[in-house]
Structure formats: C-alpha cells, structure tokens
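# Notes for the structure review
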Amino acid sequence: MKAIIIGATSGLGRGVAEALAAQGDTVGVAGRRIEMLQSIAQQYVEGQVVTQAMDVTSVEACTALDSLLQRLGAPDLLVYVAGIGFQNTQLDSEKELATVRTNCEGMVRVITHFVRYAVSCGAYHKGHKAHIAVVTSVATTAAMGAAPAYSASKRMESTYVTALVQLAHMQHWPLRFTDIRPGFVSTALLNPDKRYPLLMTTDQAVKHIMRGIRRRRRVVVFDIRYKIIVFFWKLVPRAIWERMTFVNN
Ligand SMILES: NC(=O)c1ccc[n+]([C@@H]2O[C@H](COP(=O)([O-])OP(=O)(O)OC[C@H]3O[C@@H](n4cnc5c(N)ncnc54)[C@H](OP(=O)(O)O)[C@@H]3O)[C@@H](O)[C@H]2O)c1
C-alpha cells in the first residue's frame, strides 16, 4: 500500500507513518520540520519513506503535495493529521487565528487539492477508492470554552468530511472517508504541566487509528470510555453546557 501523511513529524502523524512503514507500506511524509521527517526515513530502506517539507498554511502546500504525488504515485490512503491547538482562556487572537489557519484553511487546502487530483488522475475507480482520513477530535462533538478556536476548528473539519462524503456520493467520485476522533493523547499538543482525564499514550492511540483505517470505518472514536462520555455529553442541554466549568486558569 502507498500512503501520504500530512503532519507526520511528531505525535499521532509520526506514529501512523511509522506503523505503516513498519508493515512494509511506502509512505510519503509531510510537515514543516524536515529533519524530523528525515529521521523517520532513516529507519527504513531507501525510498520506502519519501519526505516533503510542507506548511499547510501556505499556498505552496499544493505544489509540495504535487511533488510528493509525483514521486510516490497515486496513494491508497491520505491522512490529514496536521493540527495545532491551545487552551486559550485569555482569548489571544493570534492563537485563535493560527488554529483556524492550520486546522481549517490548511485542511481544506490539502484535501481539496488531493480530491481534485484523485478524481482526475485515472488511478481510482469503484473497486479501488482513494481513502482520505482526517484526524479531528472528540472535541467535534462539544464546544469547549477553554479552547474556542480549537473546538470550533475540529467541528469544522468533521462537518467538512461529512459534506465531502455526500459530495463524493453525488458525483460518483471514487473516494472513501474516515473521521478519526481521538480523546486526550500524550503528545506535544498537550500542555505537559496539566493533567488530562483518560489520557492515552501515542502508541495506544495509533493502534486504534490503524484499526479504524484498516476496517475503513467512517467515524473512529476510541476507546469505549470516550464513546460513553460523548454519548452523555451530547444529551446535556445547551443552557447547562454553557454554564459548565472545565478548567480554572
Ligand atoms: N493529542 C491529543 O490529545 C489530540 C486529541 C484529539 C485530536 N488531536 C489531533 O491530532 C492531530 C495531531 O496532533 P498531535 O497530538 O499528534 O500533536 P503534535 O505532535 O503537535 O503533531 C502535530 C503535527 O501537525 C503538524 N503541523 C502543525 N502545523 C503545521 C503546518 N502549518 N503545516 C504542516 N504541518 C503542521 C506538525 O508538524 P510541524 O510542526 O513539523 O509542521 C506535527 O507533525 C491534531 O490535528 C490534533 O488536533 C490530538
């Protein structure tokens, strides 16, 4: 199998890239920190991991994706895992805007470019669909006062995927989508000085992500504890939700 991981330098993206490479897949890895991408490539035989510097907030991300597609050929799987997020209780607008640029604008830039490539390149058909997975969050299901842009951006990513599923169905495009919604995972995205409920290791989360992708799930929520929490918090009336306090800082 051939796969492209956008946001593969660290955390979940790196874990997924390494898991795919370890099972013998050819993997294209993208992100801003090229030295981190090279450190993945060095672990495998030459040519198995193809690296590409990419900043998803820049228009040049499309040229970077084209370069990766040219060197790799049409991938079976593209995972968009690039993302940033902050607890931003003081509402620093730069943090909010940076989050929107990476998680929303970056995701739309990369995914639209890839979809247009996939529907025109001739490599995909009903029996061989291009699989697009986007790592969103359980935060898609609830607005978080401590992280306004983050929770809204994750909701946007998830809604965008749903819209694309419908569009692909309308247009008979040979695409399938997976919306991956992790809970808290111990990566650089989280504040190391804070404690998080139901925290998972990156390895645990990557195993769930790999299983969801392999089984071609439409939505992946892991594990059962988060499924239960999400079920109940969706039932909380808005007037109560808006008065709930999750962090004090
Ligand atoms: N950790 C959690 O608890 C958690 C929970 C739910 C969802 N998620 C989601 O999982 C995804 C991955 O996060 P992580 O937890 O693995 O954190 P991470 O280790 O900080 O990884 C973030 C990745 O995104 C890439 N990235 C950020 N800005 C980028 C840009 N402008 N252009 C290209 N790549 C960019 C980073 O690469 P460079 O910095 O090298 O560019 C890095 O590879 C995010 O979308 C996050 O929202 C995480």
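No experiment lies behind these values; they were computed from the predicted model shown. (Residues numbered from 1 in each chain as written. Predicted model: local features only at pLDDT ≥ 70, side-chain atom pairs only at ≥ 80, totals over all residues. Heavy atoms only, no water.)

Let's shift gears to the overall build of the chain. Counting secondary structure elements, the chain contains eight helices and seven strands. The C-alpha radius of gyration of the chain comes to 18 Å, within 12% of the 18 Å expected for a compact globule of 249 residues. Along the three orthogonal principal directions, the C-alpha set of the chain runs to about 50 × 40 × 35 Å. When each of the 249 residues of the chain is scored for burial, the buried share is 47%. About 12900 Å² of surface is accessible on the chain, with carbon and sulfur atoms providing 54% of the total. (Helix = DSSP H or I, 4+ residues; strand = E, 2+ residues; numbered from the N terminus. Rg over C-alpha atoms; globule rule 2.2 N^0.38 Å. Buried < 20%, exposed > 50% of the residue type's maximum accessible area, 1.4 Å probe, protein only. Areas by Shrake-Rupley, 256 points an atom, 1.4 Å probe, with all protein chains shown as cover.)

Positionally, Q48 belongs in the loop between α2 (34-41) and β3 (49-53). Through-space distance from the C-alpha of Q48 to that of G24 is 8.1 Å; in sequence the pair is 24 residues apart. If we skip the residues at most four places from it in the chain, Q48 touches A21, G24, D25, T26 and V27. Of the polar contacts made by the side chain of Q48, one reaches the backbone oxygen of A21; its length is 2.8 Å. Polar contacts involving the side chain of Q48 include one to the main-chain carbonyl oxygen of D25, which spans 2.9 Å. (Contact = heavy atoms within 4.5 Å. Polar contact = N/O pair within 3.5 Å; in protein donor to acceptor, adjacent residues only side chain to side chain.)

Its 12 residues give helix α3 (residues 61-72) an end-to-end C-alpha distance of 16 Å, which sits within 8% of 16 Å, the value for a rise of 1.5 Å per residue. Inspection of α3 places A61, C62, A64, L65, L68, L69 and L72 among the buried residues, and these make up the whole buried set. The buried residues of α3 occupy an angular sector of 160° when the element is viewed end-on, so they sit on one face. Among the exposed residues of α3, those oriented more than 90 degrees off its buried face are T63 and Q70. Among the structural elements, β1 (2-6), β2 (26-31), β3, β4 (77-80) and α4 (93-120) are those in contact with the buried residues of α3. Backbone geometry just downstream of α3 places G73 in the positive-phi region, at approximately 85°. (Expected span 1.5 Å × (residues − 1). Arc of directions from axis to C-beta.)

Following the criterion strictly, the structure yields four aromatic pairs and no others. Centre to centre, the rings of W233 and W241 are 5.8 Å apart; their planes meet at 70°, and the pair counts as edge-to-face. The two residues W233 and W241 agree in class, both being buried. (Phe/Tyr/Trp six-rings, centres within 6.5 Å; stacked < 30°, edge-to-face > 60°.)

In the region of the ligand, 31 residues are neighbours, and T9, R32, Y150, V185 and T187 sit closest. With respect to the ligand, the side chain of D55 contributes an N or O atom lying 2.9 Å from a nitrogen atom. Interatomic distance of 2.7 Å between a backbone N/O atom of V185 and an oxygen atom of the ligand. When the ligand is considered free in solution it has 870 Å² of accessible area, and contact with the protein chains removes 95% of it. Counting only elements with at least two residues in the shell around the ligand, the list comes to α1 (11-22) and α5 (148-171). By residue class, the composition of the shell around the ligand is 15 nonpolar, 12 polar and four charged. (Near = heavy atom within 4 Å. Nonpolar A, V, L, I, M, F, W, Y, C, P; charged D, E, K, R; others polar.)

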